[in-house]
Amino acid sequence: MNANAIRAARTGVAAVLPMELALLVCLAAGVRPPGWALALAEAVVLGVLLLEAAVLYSLYAASRARGADPAAARREAVRAVVPVPVRRLVLHELRACGALVRWALRRPPHGVRPGDHAAPYTGPQTAMMYGLVFVSLIETVALAFLIPWPAVHRVVLVLDVYGVALVLALHAACVTRPHVVRPDGTLRIRYGALFDLTVPPGAVASVRVDRRYPEGRLVTLSEDGVLDLIVGSQTTVTVELSHPLPFRRPLGARAEARVIRFHADEPRALVEALRQPTPP
């Protein structure tokens, strides 16, 4: 497949997706754009979709010709056309929506098997999350009185409802995806659907309760390989590794860590579970 065609397909997706999302928001809000604008937008989207389909099929056929099975060929084609950050964001959002359903139905936590030690970590952020939801609801009501144009109000209402659902889904993903310590000493460190790192038992050199208040984003990696997974501006557990461990950032970038610091609501219980694995 020509590299220019793949580049054109990627560019087309990046250019069309925001336009299509804006159009969907308008339609969901009951705002109907002029007929010519709607026809033009759909024509552009159709053209990009046809280009995507042609590129994907060519890549799929090439992979099959090299002997790949259908599933592997499909994955290879999608990876070649869709940028990693886009794939990761879509996957995160789908998992968060699934977590919201799991949370609402009170299903068991994701990835926790009998005999595992589940360690929640949402304590420092719960009040903030519900505060964001409350503020968003107040904003929605206030804007209903402040915005005099019905069309604009409907668009803003759809965006506000989506924002509230997204915040609840993020919190639900954190609640339903706790840290996990397996009976064999394997440690799974998570933050909702955004971060998931499995530390094999042989990679743990030491573990201790260690409360810190680092500054930075959710996932912060220092130059000397210290990874901070920050929840509510704090971490409570420090794991020193016997060798650098590779991990993926939320948007797909790869890096390595030699020390991992993260938060658990009950750090002592997690440390004890990790120090005393159950023999097979």
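For the structure itself, consult the block above.
What comes next concerns the included structure. (Residues numbered from 1 in each chain as written. Predicted model: local features only at pLDDT ≥ 70, side-chain atom pairs only at ≥ 80, totals over all residues. Heavy atoms only, no water.)

### Considerations on the overall build of the protein
Stage number 1. When helices and strands are tallied, the protein shows seven helices and nine strands.
Stage number 2. Burial status across the protein gives 36% buried among its 280 residues.
Stage number 3. Long-range pairs, those at least 24 residues apart, make up 67% of the contacts in the protein between residues at least 6 apart in sequence.
Stage number 4. Element-wise, carbon and sulfur atoms account for 65% of the exposed surface of the protein, whose accessible area totals about 15,900 Å². (Helix = DSSP H or I, 4+ residues; strand = E, 2+ residues; numbered from the N terminus. Buried < 20%, exposed > 50% of the residue type's maximum accessible area, 1.4 Å probe, protein only. Contact = heavy atoms within 4.5 Å. Areas by Shrake-Rupley, 256 points an atom, 1.4 Å probe, with all protein chains shown as cover.)

### Regarding the side chain of aspartate 228
Stage number 1. The topology assignment puts aspartate 228 in strand 7 (residues 226-229).
Stage number 2. One polar contact links aspartate 228 to arginine 261, side chain to side chain, over a distance of 2.8 Å.
Stage number 3. In this structure aspartate 228 touches Pro214, Leu218, Val219, Thr220, Thr235 and Arg261, once residues within four positions along its chain are discounted. (Polar contact = N/O pair within 3.5 Å; in protein donor to acceptor, adjacent residues only side chain to side chain.)

### Here we look at the environment of alanine 264
Stage number 1. Mapped onto the secondary structure, alanine 264 falls in the loop between strand 9 (254-262) and helix 7 (267-275).
Stage number 2. Sequence separation of alanine 264 and histidine 179 is 85 residues, and the distance between their C-alpha atoms is 7.8 Å.
Stage number 3. The residues contacting alanine 264, other than those within four sequence positions of it, are Ala119, Pro120, Tyr121, His179, Thr236, Val237 and Leu270.

### A word on the sheet that holds strand 2 (residues 179-181)
Stage number 1. On the basis of which strands lie adjacent, the open sheet formed by four strands has the order 1-2-3-4 and antiparallel pairing. Across the chains shown, the open sheet's two edge strands, defined by having one partner strand only, are strand 1 (117-119) and strand 4 (195-199). Neighbour to neighbour, the strand axes of the sheet diverge by 15 degrees on average, direction disregarded.
Stage number 2. The pairing of strand 1 with strand 2 spans three bridges and is antiparallel. Of the residues in strand 2, the one forming a bridge with histidine 117 is valine 181. (Pairing = 2+ DSSP bridges. Axes fitted to C-alpha atoms, helices over the stretch in contact; angles between N-to-C directions.)

### A look at the pattern of salt bridges
Stage number 1. Within this structure, the stated rule accounts for eight salt bridges.
Stage number 2. As a salt-bridge pair, arginine 188 and aspartate 196 come within 2.6 Å of each other at their nearest N and O atoms.
Stage number 3. Glutamate 240 is paired through a salt bridge with arginine 208; the nearest N and O atoms lie 3.1 Å apart. Placement of the pair is glutamate 240 in strand 8 (residues 235-248) and arginine 208 in strand 5 (residues 204-212), with a sequence separation of 32 residues. (Salt bridge = Lys/Arg side-chain N within 4 Å of Asp/Glu carboxyl O.)

### Some remarks on the nonpolar core
Stage number 1. Ranked by internal contacts, the top residues of the largest apolar core, which has 34 residues, are Phe195, Val199, Ile260 and Phe262.
Stage number 2. Among the elements of the structure, helix 5 (123-146), helix 6 (150-176), strand 3 (187-191), strand 4, strand 7, strand 8, strand 9 and helix 7 are those that each provide at least two residues to this core.
Stage number 3. It is strand 8 that provides the largest number of residues to this core, a total of five residues.
Stage number 4. Apart from residues lying up to four places away in sequence, phenylalanine 195 is in contact with Ile189, Arg190, Val219, Leu227, Leu229, Phe247 and Arg248. (Core = buried A, V, L, I, M, F, W, Y, C linked by side-chain atoms within 4.5 Å.)

### Observations concerning the sheet that holds strand 8
Pairing between sheet strands relies on hydrogen bonds along the backbone, with the strands arranged either parallel or antiparallel.
Stage number 1. Judged by pairing direction, the sheet is mixed, and its five strands sit side by side in the order 5-8-9-7-6 without closing on themselves. A strand with exactly one partner marks an edge of an open sheet, and here the two such strands are strand 5 and strand 6 (219-221). On average, each strand axis in the sheet is inclined to that of its neighbour by 35 degrees, with strand direction left out of account.
Stage number 2. In this sheet, strand 7 lies alongside strand 6 in antiparallel orientation, the contact comprising three bridges.

### As for the packing of helix 4 (residues 84-104) against helix 6
Stage number 1. Where helix 4 meets helix 6, the axes come as close as 7 Å, and the angle between the chain directions of the two elements is 75 degrees. With respect to their mutual orientation, helix 4 and helix 6 come out roughly perpendicular. Seen from helix 4, the contacting residues are Glu93, Ala96, Cys97, Ala99, Leu100, Arg102 and Trp103; seen from helix 6, they are Tyr162, Ala165, Leu166, Leu168, Ala169, His171, Ala172, Ala173, Val175 and Thr176.
Stage number 2. For the contact of helix 4 with helix 6, the per-class residue count stands at 13 nonpolar, two polar and two charged. (Parallel < 35°, antiparallel > 145°, perpendicular 65-115°, else oblique. Nonpolar A, V, L, I, M, F, W, Y, C, P; charged D, E, K, R; others polar.)

### Concerning the pairing of strand 7
Stage number 1. Side chains Val226 and Asp228 of strand 7 all project onto a buried face; the interleaved residues Leu227 and Leu229 project onto the opposite face, where all are buried too.
Stage number 2. Inspection of the sheet shows strand 7 paired to strand 9 by four bridges, in the parallel sense. Within strand 9, the position partnered with leucine 227 by the bridge is isoleucine 260.

### Description of the side chain of arginine 88
Stage number 1. As for its placement among the helices and strands, arginine 88 is situated in helix 4.
Stage number 2. Buried charge without a salt bridge: arginine 88, with aspartate 196 as the nearest opposite-charge side chain at an N-O distance of 8.8 Å.
Stage number 3. Separated by 3.2 Å, the side chain of arginine 88 and the backbone oxygen of arginine 249 make a polar contact.
Stage number 4. Look past the residues within four positions of arginine 88 in its chain and what remains in contact with it is Leu194, Arg248, Arg249, Pro250, Leu251 and Gly252. (Lys, Arg positive; Asp, Glu negative; His and termini not counted.)

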